[in-house]
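What follows is the residue order along each chain.
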Amino acid sequence: GDSVTQTEGLVTVTEGLPVKLNCTYQTTYLTIAFFWYVQYLNEAPQVLLKSSTDNKRTEHQGFHATLHKSSSSFHLQKSSAQLSDSALYYCALRPATGGNNKLTFGQGTVLSVIP
Amino acid sequence: GPKVLQIPSHQIIDMGQMVTLNCDPVSNHLYFYWYKQILGQQMEFLVNFYNGKVMEKSKLFKDQFSVERPDGSYFTLKIQPTALEDSAVYFCASSSGQGREQYFGPGTRLTVL
């Protein structure tokens, strides 16, 4: 079946410095939608970014990610981390066709931004 | 943005008892989902529900699990009887259509003693 791997459980970065959260995947589907969800403390996970186009950069709220099918990756990056970015981040995928609505999640990465 | 509510936020129950987790989905959404997250592990798909029927379920959706949405009220997940391994955070989600964005609730933390 599908799988999503987030190698870091915790990433700590100083405010103002760049940050990168890794996400790689395995899937047998040809057409896939990818998501980054962010979950702030005591809140619901919400979509931060989404993409299904190979090699196209997607941006939102200062974060960006590019789907690279050649390396099976969808890493999340930001050039300057803010204290308010501290949260739990999930990478997820879903087949984009065939009526399959099941999301497959990674284990999540806690991002801690320190002053 | 659209909000999904989950009631209660925490539930503690003795093994063998029945529990019902409630989800108030986004008002015009038609597709509903439950996901399970055991402590320290990833969120995993349980079930997808549409038009009064289970559309898809995973192997985690045991025979003791059932879902329903009577008369457009709460979308519920019932576990009867509960087992120790059912302890987890259960997330509800809803979407307006197939392949549309899934909006999540904040989760219900279920502890089975």
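A.B. asks: So what exactly am I meant to see when it comes to the sheet that holds strand E8 (residues 75-79) of chain B here?
C.D. replies: Hydrogen bonds along the backbone pair up the strands of a sheet, which may run parallel or antiparallel. Residue and element names in this part refer to chain B. Taken in spatial order, the four strands make up an open sheet running E1-E3-E8-E7, and their pairing is antiparallel. Pairing within the sheet leaves two strands with one partner each, and these edge strands are strand E1 (5-7) and strand E7 (65-68). Within this sheet the neighbouring strands show an average axis-to-axis angle of 20°, counted without direction. Two elements, E1 and strand E3 (residues 19-24), share three bridges in a ladder whose sense is antiparallel. By the bridge assignment for E3, Ile7 is matched with Asn22.

A.B. asks: Sorry, what's going on with the nonpolar core here?
C.D. replies: The biggest cluster of nonpolar side chains holds 25 residues, and the ones touching the most others in it are Trp36, Leu48, Leu76 and Tyr89 of chain A. Every element with two or more residues in this core is listed here: strand E2 (10-14), strand E3 (19-21), strand E5 (32-39), strand E6 (46-51), strand E8 (63-66), strand E10 (87-95) and strand E12 (109-114) of chain A. Residues within four places of Tyr89 of chain A in sequence aside, it is in contact with Gln6, Leu21, Trp36, Tyr37, Val38, Leu48, Phe63, Leu76, Gly108, Thr109 and Leu111 of chain A. Grouped together as the second largest cluster of nonpolar side chains are 22 residues, Trp34, Phe61, Val67 and Val112 of chain B included.

A.B. asks: Quick question: what am I supposed to make of the pairing of E3 of chain B here?
C.D. replies: Regular strands place side chains that alternate from one sheet face to the opposite one. Strand direction decides the pairing type here: E3 of chain B and E8 of chain B, joined by five bridges, are antiparallel. In the sheet register, Val19 of chain B faces E8 of chain B, and the bridge partner there is Ile79 of chain B.

Cut-offs applied
- Residues numbered from 1 in each chain as written.
- Chains lettered and ligands numbered in written order.
- Predicted model: local features only at pLDDT ≥ 70, side-chain atom pairs only at ≥ 80, totals over all residues.
- Heavy atoms only, no water.
- Pairing = 2+ DSSP bridges.
- Helix = DSSP H or I, 4+ residues; strand = E, 2+ residues; numbered from the N terminus.
- Axes fitted to C-alpha atoms, helices over the stretch in contact; angles between N-to-C directions.
- Core = buried A, V, L, I, M, F, W, Y, C linked by side-chain atoms within 4.5 Å.
- Buried < 20%, exposed > 50% of the residue type's maximum accessible area, 1.4 Å probe, protein only.
- Contact = heavy atoms within 4.5 Å.

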